[in-house]
Amino acid sequence: MGFWDCEVNVEGAAKQFAHGDTFVAATPYGEGHINDTYEAYYQRADGSKYRYILQRINTEAFQDPDGLMANIVGVTEFLREIIRKRGGDTERETMTVVHPEAGGNYYRDENDACWRAYIFVEETISYQQIQKDSDFYNCGVSFGNFQRLLAEYPSETLTEPIKNFHNTEDRFRLFKEAVAADKFGRAASVKDEIDFAMAREKDASLIVSQLRDGTLPLRVTHNDTKLNNILIDAASGSGICVIDLDTIMPGAACYDFGDSIRFGASTAAEDEKDLSKVSMSLHLFEVFTEGYMSVAKEFLTEAEIASLSIGARLMTFECGIRFLTDYLNGDTYFKTHYEGHNVDRCHTQFKLVEDMEKKQAEMDAIVRKYA
Ligand code: ADP
Ligand code: GN1
Ligand code: MG
């Protein structure tokens, strides 16, 4: 029984975080692909209500929930201290872990499911697609700031929640293994997609090789900077809170820049079926780059600046092969809503890769303009 098809006891878990208040109801929430997310409502003795984000941690993806939660608690406490010192709102500008009544950072239930809760950051928007340029600019500023703040974080205290997460060479190896095994007899139906990836095998080394030889420095990075992993303040439009901190670990700056572009600068949804709608908007690329560089130019090295546009293409390529690999393996990793969902996602990513290959020089020129 996999993570997505086993039975769950949401109510039992939600009650563990009530701390004397009354649990009211929990319903599925958000568009994340990895964890099982709910909004859980509680009522205080005075009748007022509030909600938490309640998540069943995907322990197939994150096999060490203790290490994972220690990372998140460590990073959010570190950020909270900085926010407190500068007089910010400590419950809105970073996530706050709500501990279960029995103590610890999460609750393990009778089925061994692991549950955590966060304060729900209210009056915010989590976009699936950019509506306003200024929002994307502000995302760039926020992710730039996030990297800047984490530069001071003691990276040796972080555990690696998923080994080789953005090691694209290793992702490619797993992809080739999945093709060779063809466990579900699906390879023939995605021959063109496999050929597309195989023709670009050497690209998989573009960034890892530079990390290996020291050209690019290792930083503490978020590693999953897609648009719906940042909460936009409804009133001010600023990217107020960076969320989904599961994959914080050492990585390359261009992973975060690149993943933001992969998702946010696309003209269509990640699973759009009409590929004529899918392209990488140079306009959105510029909007994000201007925001990000307004902060990041202070700390990025020359080699890192040169890596940004390549990172965008590579994160997109990597994501495409991950969707394809998951399809070949029987759709066990990403949450999917229909058979072939991962193939549709793979198509948009590969379309974006092709588009970025054509626009590389223009992307580089934009980066230079703001560096
Ligand atoms: P996944 O790892 O599956 O992507 P996330 O941690 O990103 O899960 O959560 C899924 C969605 O839930 C987010 O995209 C966001 O819309 C919402 N969300 C998560 N945490 C919070 C929070 N603290 N406050 C408000 N919304 C949140
Ligand atoms: C997953 O967790 P979520 O939905 O924010 C995935 C990312 C992918 C992304 C593709 C831990 O992000 O790596 O880029 O889907 N997260 C994990 O949309 O694998
Ligand atoms: Mg997410």
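First, a word on scope: everything that follows refers to the structure included in this document.

Reading the values: the criteria
- Residues numbered from 1 in each chain as written.
- Chains lettered and ligands numbered in written order.
- Predicted model: local features only at pLDDT ≥ 70, side-chain atom pairs only at ≥ 80, totals over all residues.
- Heavy atoms only, no water.
- Phe/Tyr/Trp six-rings, centres within 6.5 Å; stacked < 30°, edge-to-face > 60°.
- Helix = DSSP H or I, 4+ residues; strand = E, 2+ residues; numbered from the N terminus.
- Buried < 20%, exposed > 50% of the residue type's maximum accessible area, 1.4 Å probe, protein only.
- Lys NZ or Arg CZ within 6 Å of the ring centre and 35° of its normal.
- Core = buried A, V, L, I, M, F, W, Y, C linked by side-chain atoms within 4.5 Å.
- Contact = heavy atoms within 4.5 Å.
- Donors = N, O, S within 2.8 Å, 3.2 Å for Na, K, Ca; no water.
- Near = heavy atom within 4 Å.
- Polar contact = N/O pair within 3.5 Å; in protein donor to acceptor, adjacent residues only side chain to side chain.
- Nonpolar A, V, L, I, M, F, W, Y, C, P; charged D, E, K, R; others polar.

Attention now goes to the packing of aromatic side chains. Considering all chains together, one arrives at 19 aromatic pairs under this definition. An angle of 45 degrees between the planes, with centres 4.9 Å apart, marks the rings of F136 and F288 as tilted. With F136 in helix α3 (residues 133-150) and F288 in helix α8 (residues 282-296), this residue pair connects regions lying 152 residues apart in the sequence. Look at F288 and you get buried, because its relative accessible area is 1%. When the ring centre of F120 is taken as origin, the NZ or CZ atom of R51, which lies over that ring, is 3.6 Å away. Stacked on the ring of F3, the Lys or Arg R56 has its end atom at 3.9 Å from the ring centre.

The next thing to look at is the nonpolar core. In terms of nonpolar packing, the biggest core is built from 100 residues, with F136, F175, I261, Y292 and L300 touching the most fellow members. Counting residues per element, this core draws most heavily on helix α9 (residues 302-328), which supplies twelve residues. Apart from residues lying up to four places away in sequence, I261 is in contact with S266, M280, F285, F288, A312 and M356. Counting residues in each nonpolar core, the second largest holds 17 residues, with V10, A14, L54 and A113 among its members.

Further remarks concern the coordination of the magnesium ion (ligand 3). Donor atoms from the polypeptide that bind the magnesium ion (ligand 3) are N229 (OD1) and D244 (OD), placed at 2.2 Å. With N229 in the loop between β8 (219-221) and β9 (230-233) and D244 in the loop between β10 (239-242) and β11 (249-251), this residue pair connects regions lying 15 residues apart in the sequence. The class of N229 is buried, set by a relative accessible area of 5%.

To continue, consider unusual backbone geometry. Phi at D112 is positive, roughly 70 degrees, even though this residue is not glycine. Relative to the assigned elements, D112 resides in the loop between β5 (107-108) and β6 (114-119). Taking the relative accessible area as the measure of exposure, D112 reaches 48% and is therefore partly exposed.

Looking now at the site of ligand 2. Taken together, 17 residues are adjacent to ligand 2, and H33, K226, E270, R322 and Y333 come closest. Within the side chain of D244, a nitrogen or oxygen atom sits 2.9 Å from an oxygen atom of ligand 2. Separating an oxygen atom of ligand 2 from a side-chain N or O atom of E270 is a distance of 2.6 Å. Of all the elements, α9 adds the most residues to the shell around ligand 2, at three residues. A breakdown of the residues in the shell around ligand 2 according to their chemical character gives seven nonpolar, four polar and six charged.

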